[in-house]
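Observations on the model geometry
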Amino acid sequence: MKGFLLIIFSFLFTINMMSQDIDIYRKGKDDNVKIPNIPLGMSKQEFHLLSTNLRLKDMLYAMVVPGYVHFKAQEKPMGYAILGARAVGFIGLSAVYYSAQINDENWYDINGDPNPDDVITIGNGWEIKKSDVILVTSATLIISTYLFDWIRGENLLHRKQDKIRYKYGIKHELQKAYSYNPSSGILPIASLSIKISSL
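These figures come from a predicted structure and were not determined experimentally.

To continue, consider the pattern of salt bridges. In the structure shown here, the tally under the stated rule is four salt bridges. Two residues, Lys167 and Glu46, come together in a salt bridge whose shortest N-O distance is 3.0 Å. Placement of Lys167 in helix α6 (residues 130–177) and of Glu46 in helix α2 (residues 44–50) is noted, with a sequence separation of 121 residues between them. For Glu46, a relative accessible area of 16% corresponds to the buried category. Notably, a salt bridge pairs Asp162 with Arg165, separated by 2.8 Å at the nearest N-O pair. A residue pair is termed a helical-turn pair when its members lie 3 or 4 positions apart in one helix, as Asp162 and Arg165 do in helix α6 at three residues. For Asp162, a relative accessible area of 44% puts it in the partly exposed group. Judged by its relative accessible area of 44%, Arg165 is partly exposed.

Moving on, we get to the environment of Ala62. Tracing the chain through its elements places Ala62 in helix α3 (residues 56–64). With a relative accessible area of 0%, Ala62 lands in the buried category. Taking the C-alpha atoms as reference, Ala62 lies 10.0 Å from Thr145; in sequence the two are 83 residues apart. For Ala62, the contacting residues outside a window of four places in its chain are Tyr68, Val69, Arg86, Tyr146, Asp149 and Trp150.

The next thing to look at is the confidence of the model for the chain. Regions with low pLDDT carry predicted coordinates that are not meant to be interpreted in detail. Averaged over all residues, the pLDDT of the chain is 75; the fraction at 70 or higher stands at 59%. Here helix α1 (residues 2–18) stands out as the least confident element of the chain, with mean pLDDT 63; helix α4 (residues 68–72) is the most confident, with 91.

Before going further, it helps to spend a moment on the nonpolar core. Counting residues in each nonpolar core, the largest one holds eleven residues, listed as Met42, Leu49, Leu54, Ala62, Val69, Ala73, Tyr146, Trp150, Leu157, Ile164 and Tyr168. Among the elements that take part in this core, α6 stands out by supplying five residues, more than any other.

In this structure, Ser138 sits in helix α6. A polar contact is formed between the side chain of Ser138 and the backbone oxygen of Ile134, at a distance of 2.7 Å. Excluding residues that lie within four positions of it along the chain, Ser138 makes contacts with Gly89, Gly92 and Leu93.

Parameters at a glance
- Residues numbered from 1 in each chain as written.
- Predicted model: local features only at pLDDT ≥ 70, side-chain atom pairs only at ≥ 80, totals over all residues.
- Heavy atoms only, no water.
- Salt bridge = Lys/Arg side-chain N within 4 Å of Asp/Glu carboxyl O.
- Helix = DSSP H or I, 4+ residues; strand = E, 2+ residues; numbered from the N terminus.
- Buried < 20%, exposed > 50% of the residue type's maximum accessible area, 1.4 Å probe, protein only.
- Contact = heavy atoms within 4.5 Å.
- pLDDT = per-residue confidence, 0-100.
- Core = buried A, V, L, I, M, F, W, Y, C linked by side-chain atoms within 4.5 Å.
- Polar contact = N/O pair within 3.5 Å; in protein donor to acceptor, adjacent residues only side chain to side chain.

In structure tokens form, the structure reads like this:
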């Protein structure tokens, strides 16, 4: 089991190191040198959200850091909720592991002979170990919070980016419509009319 975990850890570490060079999106050399045209009134938070992208390495970071994608999408309350839920999952796995170590059992052996104190009887004499319920529930919680963080976080980030683009796109079009362009040959004029009435 330890060898298997070591192989998985080595594989994830290698992919994480290589993921710096794997990029699905087209990326120019001078991305960090270009100065963007920032619309008037755009806040630093909106600019940061708009320039945030999710890459392959972020997927791996989200495995290690619970709530990573929600933190990146500036949704801290949900990020902390995911962090707490995944911590509960890891606590459950740790409890099953240490309980098995104390009782000299295999912690991942779901079909093993149950300890009479560790059994729940359901329905017509069907028995299940409490540790198995905790093990499966904890593993499900860890995997589901990771998927929730990635799928909902990415969707949320794209929705926020679309909202910012829409907001400043409308402002840009309004500025263009009401701004004076000297090359158009049209000059703005003002007129004044006076009407005198006789008594």
